[in-house]
Amino acid sequence: MKVICIIPARLDSARFPEKIFTQIHGMPMFAKVYHIAKQSGLFTSVLVASADERVLKYGQENNIQVVLTRGDHPCGSSRVFEAARSVQEDWDI
């Protein structure tokens, strides 16, 4: 079974602005979450969904697959849905 993991990464948090770039063990939080998901062995593919060009640039520089989404999503689930629709690979879950 092919399983993808899509991690929503939003920069515009009102309670904790730019939270996803907070350093955890020397890397931004979203990158740490990405690597943990990859290392779990549970997923065929792991990617980050974000509307921010800085996330895309970091991903390109650090071998992290990033899908650029619209910036007007009301929640992470809607961002994940947009990213999932754009994934061009076969997946079951």
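Asks: I tried to follow the packing of aromatic side chains on my own but got confused; where do I start?
Replies: The geometry of an aromatic ring pair is captured by two quantities: the separation of the ring centres and the angle between the planes. Considering all chains together, one arrives at two aromatic pairs under this definition. Seen from their ring centres, Phe21 and Phe30 are 5.5 Å apart, and the 85° between their planes marks the pair as edge-to-face. Ring geometry for Phe30 and Tyr58: centres 5.5 Å apart, planes at 75°, overall edge-to-face. Placement of the pair is Phe30 in helix α1 (residues 29–40) and Tyr58 in helix α2 (residues 53–61), with a sequence separation of 28 residues. Of the two residues, Phe30 and Tyr58, both sit in the buried class. Grouped by ring-pair contacts, the aromatic residues Phe21, Phe30 and Tyr58 constitute a single cluster.

Asks: What should I look at first to understand the sheet that holds strand β5 (residues 66–68) in this one?
Replies: Within a sheet, each strand pairs with its neighbour through backbone hydrogen bonds, oriented either parallel or antiparallel. Strand order in the open sheet formed by three strands is β1-β4-β5, and the pairing between neighbours is parallel. The sheet terminates laterally at β1 (4–8) and β5, the two strands that pair on one side only. Adjacent strand axes in the sheet meet at a mean angle of 30°, parallel and antiparallel pairs treated alike. In this sheet, β5 lies alongside strand β4 (residues 45–50) in parallel orientation, the contact comprising three bridges. Looking across to β5, one finds that Ser50 is bridged to Leu68. Packing against the sheet, α2 makes contact with β4 and β5, and its axis sits at approximately 150° to β5. Against the sheet, helix α3 (residues 76–86) makes contact with β1, β4 and β5, and its axis sits at roughly 135° relative to β1, the strand it touches most.

Calculation rules
Residues numbered from 1 in each chain as written. Predicted model: local features only at pLDDT ≥ 70, side-chain atom pairs only at ≥ 80, totals over all residues. Heavy atoms only, no water. Phe/Tyr/Trp six-rings, centres within 6.5 Å; stacked < 30°, edge-to-face > 60°. Helix = DSSP H or I, 4+ residues; strand = E, 2+ residues; numbered from the N terminus. Buried < 20%, exposed > 50% of the residue type's maximum accessible area, 1.4 Å probe, protein only. Pairing = 2+ DSSP bridges. Axes fitted to C-alpha atoms, helices over the stretch in contact; angles between N-to-C directions. Contact = heavy atoms within 4.5 Å.

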